[in-house]
Structure formats: structure tokens, C-alpha cells
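# Notes for the structure review
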Amino acid sequence: MVKLNLRRFILAAALTATAALALVASAARPAAAAVACESECSEPNPNPSPTYSPSPYPSPTYSPSPTPTPTPAPSPSPSPYPSSSPSPYPPPPTGPTGADSSGNSIGGLANQRFNQMITNRVLGTVLLGVNEQVNCSDCISAFGSAGSFSAGIHGRKELTNNLSLLAGIAYTQYNEGGYHITSAPIGAFALRYDFTDWGSSRPFFDVGTILTPWEKARYTRNYNTSLGPVTVTGSTNASNYAVYGRAGWMSRVSPRDEVAASIEVWQLWQRVSGYSDSAVAFNPFDANIATGTDRTSLVKIGAQWTHLFSNNIETNINGGWVQSFASHSGIVATVTGDGVVVPTMGNQGWFEYGGRLGFRVQKGWVVDLFANGTLGPQPVGNTIHGGVGLRINY
């Protein structure tokens, strides 16, 4: 009886548990069905939830962005490409340029004045018998030359057996490289001591001077401006002075031939009065040149040969190397736009040459053709001065 009741009790408990489990399962199914319905049914929902499935066409997002804080604009930097739009204000007017070129042209004036000193000396040496033999009889010669116009007389006079006087005077006009010299009288004289008592081969010495106390001069300078080239000329007065000493050795190698070699030392001065540019239509950078003295020293090593062909034709050739040193330009120029300009005058080297061809037309009368000149770089350059003379020996 007890066993029967226990079985009934266990059976009742099992049935009761089974019923409880069935009840819980039936309650859970409607909830799951409700969740599935929410995701699958198309019935409107009063509180729809946003759908996060991606769309093939993105919709713009309207979320507000924060208002940016204004920042000051940077200062504009210059563009490497100029703007093509015209400025409403025209540029201020500017004058021509070229003051530096005008200042540089003063160096050209210094070169002209150096050439003037050398040319004046070359013309003066003709008066001192540069184309004649060292030792000869007393003579006087009248001459005229072209290339640089010159006309005058010169000669020599034996004072003693050893001492001779060489002298001459001429009127000259010449030009070269932009300058013109007119109305220039040249005078020259020298003393020559020849050791005749030493025999046919002997030393000799000269001391002398060349004087040009007054001459009219015109100097031209050229410079460039942004509006075109400018050429302007200034007129003034000038004077030239030179002193020299010469030591040499001569030899009578035959009755018809005389050869000689020598060394010369010269000191040259040139005084030029002050002047201003002449008035021209366009000269924005004019110049005023103060009074000044140019100077230079020279050394010449030279030789010569005189030969008599038959009894009627005389020839002479001579030449030598010249070197300048201690050169100084006396120019002090005030140039508009460039201030005070003081050019330098460099040292130069060049060759000097000369020659004479004489025809004895009768005893004591000789017609001479002669030439003298220079060969070298500027400012001395290549020059030639030729002429004809009538020489009388007595």
C-alpha cells in the first residue's frame, strides 16, 4: 500500500513537472514569434526604427558642422608673373641713363692727351736731325711734311771740333684718335759733344729740349645713353715741354757708312687749360675739365745707319724701342650724374722708326724725302709723318 502510494506520488510529480515545462515553452514561442514579426512583417509601426542597410546612392548628411572661427587673411605675396591689367596710375617719368658711360669717356680724353705728348715729341725730333748722321758738316734745311702738317727750318752749327749746336723751329697741325691740334709752333735745340779726337769709333752725348709754348686744342669724347649716343667736343689751349739726354757710340765703318747706337732718357710735361663741353642739342651728362698737367718719362734704345750710294744718293734708316714709365694724367673732371672722375694713365711700350732718302742735285744741295712714325698699341698707335726738305751744306 505504501509502495503504491509512493509510485503515485512520483508519477504525479513527473506529470506536474512535465506540465510546467510545457507551459514555459508555450509562453516563450509567442515572444519569439513577435520578434520575428517585427523584422519580417510590413505592417506600419508607429515608432519606426532607422534602417542601417547601405543604399546604392548615398544620401547627403545634414548633421550641422561647427561654425569656423574667422582667421585673418595672409598678406599677399608678390606674384612671379606680372599682372597684365594696367595700373590706374602711370609710372613717374624717368630721365635717360648713361652717367657711367659719360664718366668712362674721360679715360678716352686721357689717352688722347698721352698721344698728343708723344706726337709732339716725334715732330720735334725732326728738328734735332733724327734722320741725319751723327757727324756731318754744317747745314741748314727747310722742309714741309704731311700726315701731320708741319713746315719749318732746322740745321746744325759746329761750335768747336767736338761741340755742335742742333736747332730748329716749325709750325705744326696734327690730329689723332679724336683730338685736333692747330696753331702749334714747335722749337727745339740741343748740344752734341762728339769725341772726334778718339778716332773713327767713339762716344757722343746730347742734351736738349723741345718747346711748344702755346697751341689750340680740341678734344672729343663719346658716350652712350638710353636715348642714343652722344658726341661732344671741348676747345682749350695747351702747351708741351720736353727735356732729354742721350748717350751713344758711333763708328765710321767705311768712307760711305756710319752706324750708331744710343740710349735716350726723356721727361715730358703737357699743360692743358680747363674747359667745359661745348653746347650741343643733347648732352645730359656734361663734363667740366679742370686745368691740369700730364707728364710721363721715356727710355729709348735705338740705332741708325747712314749710307752713301755712288756720289749722289744718301740714305738713312733709324729706329728704336720706347718705354714710358711714371706716367700721370692731369685730368680732374666733374661729370653730371657721376661726380669727380680722375683717370689713370698706364705705361706704354712702342716702336719708333724713321728714314731719309737724299738726292744731291748739285754740290752742297740735297733734296730729302723723309718719314717718321710709331708702331704700337693704343693710345700711341700706328702713325706716320712724311715730308720733303731742301738741305744746304756749307
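Please read all numbers here as calculations on a predicted model, not as lab measurements. For every chain, the first residue of the written sequence is number 1, and numbering continues from 1 along that sequence. Side-chain atom pairs in this predicted model are given and counted only at pLDDT of 80 or more, local residue features only at pLDDT of at least 70, and totals for whole chains, interfaces and linings cover all residues. With hydrogens and water stripped out, all remaining heavy atoms of the structure feed into the side-chain values.

Our next topic: the pattern of salt bridges. We count a salt bridge whenever a side-chain nitrogen from Lys or Arg sits within 4 Å of a carboxyl oxygen from Asp or Glu. This model, assessed by the stated rule, comprises 16 salt bridges. Glu352 is the salt-bridge partner of Arg121, the closest N and O atoms lying 2.5 Å from each other. Pair noted here: Arg121 is in helix H2 (residues 99–126) and Glu352 is in strand E14 (residues 349–362), with a separation of 231 residues, a long-range link. For the pair Arg121 and Glu352, a shared accessibility class is recorded, and that class is buried. Of the charged contacts, one joins Asp194 and Arg202 as a salt bridge, the two residues approaching to 2.6 Å between their closest N and O atoms. Each of the two residues, Asp194 as well as Arg202, counts as buried. Salt bridges linked by common partners bring Glu314, Arg356, Arg360, Asp368 and Arg391 together as one network. To qualify as a helix, a DSSP run of H or I must reach at least 4 residues; to qualify as a strand, a run of E must reach at least 2; elements of each kind are numbered from the N terminus. For the exposure calls, accessible area comes from a 1.4 Å probe over protein chains only, and a residue counts as buried if that area is under 20% of its type's maximum, exposed if over 50%, partly exposed in between.

Bringing the confidence of the model for the protein chain into the picture now. Every residue gets a pLDDT, meaning the predictor's confidence in that residue, from 0 to 100. Within the protein chain, residue pLDDT values average 84, and 76% of them lie at 70 or more. Predicted confidence in the protein chain is weakest over helix H1 (residues 2–40), with a mean pLDDT of 46, and strongest over strand E7 (residues 257–272), with 98. Below pLDDT 50 for its whole length, residues 1–6 participates in zero contacts with residues either more than four positions away or in separate chains. A contact between two residues is defined here by any heavy atoms of the two lying within 4.5 Å. Predicted confidence for residues 20–68 stays below pLDDT 50, and this span has zero contacts to residues more than four positions away or in other chains.

Moving on, we get to a nonpolar patch on the surface. Each patch is built from salt-bridge-free residues with over 30% relative accessible area, joining like charges within 9 Å and nonpolar side chains (Val, Leu, Ile, Met, Phe, Trp, Tyr) within 5 Å. Accessible areas in this description were obtained via Shrake-Rupley with a 1.4 Å probe; residue shielding takes into account the shown protein chains only. Taken together, the side chains of Leu159, Leu165, Phe189, Leu191, Val207, Leu211, Tyr241, Val243 and Trp269 present a nonpolar region at the surface, about 740 Å² in accessible area. Elements supplying a minimum of two residues to the nonpolar patch: strand E4 (179–194), strand E5 (201–225) and strand E6 (228–254). Within the fold, Val207 resides in strand E5.

For Thr236, the position within the fold is in strand E6. The class of Thr236 is buried, set by a relative accessible area of 9%. In protein, a polar contact requires one atom able to donate a hydrogen and another able to accept it; more generally it is a pair of N or O atoms within 3.5 Å, and residues adjacent in sequence count only if both atoms are side-chain atoms. Within the structure, Thr236 has its side chain in polar contact with the backbone oxygen of Ser273 (distance 2.8 Å). Dropping the residues within four chain positions of it, Thr236 is found in contact with Glu215, Lys216, Ala217, Tyr219, Val272, Ser273, Gly274 and Tyr275.

This part covers H2. Along an α-helix, residues three or four apart share an orientation, since each turn contains 3.6 residues. One less than the number of residues in a helix, times 1.5 Å, gives the span that helix is expected to have. Given a rise of 1.5 Å per residue, 28 residues ought to cover 40 Å, and the 43 Å separating the end C-alpha atoms of H2 matches this to within 8%. The element H2 is extensively covered by neighbouring structure, given that 22 of its 28 residues are classed as buried.

Time to look at the pairing of E14. Within a regular beta strand, the side chains point alternately toward one face of the sheet and then the other, so they alternate between its two faces. Pairing of strand E11 (residues 313–328) with E14, which is carried by 11 bridges, proceeds in the antiparallel orientation. Note on E14: the bridge partner recorded for Gln323 is Gly349. In this description, strands pair whenever DSSP reports at least two bridges between them. In terms of strand pairing, E14 meets strand E15 (residues 365–375) through 11 bridges, oriented antiparallel. Looking across to E15, one finds that Gly355 is bridged to Ala371. Two successive antiparallel strands, E14 and E15, enclose a turn made up of two residues, where Gly364 displays a positive phi of approximately 85°.

A separate point is unusual backbone geometry. That bond from Gln378 to Pro379 is cis: its omega, 15°, falls within 30 degrees of zero. Among the structural elements, Pro379 can be located in the loop between E15 and strand E16 (383–393). Although it is not a glycine, Ser183 adopts a positive phi angle of roughly 55°. In this fold, Ser183 is placed in strand E4. Even without being a glycine, Ser310 presents a positive backbone phi close to 50°. One can find Ser310 in the loop between strand E10 (292–309) and E11. With relative accessibility at 46%, the residue Ser310 sits in the partly exposed group.

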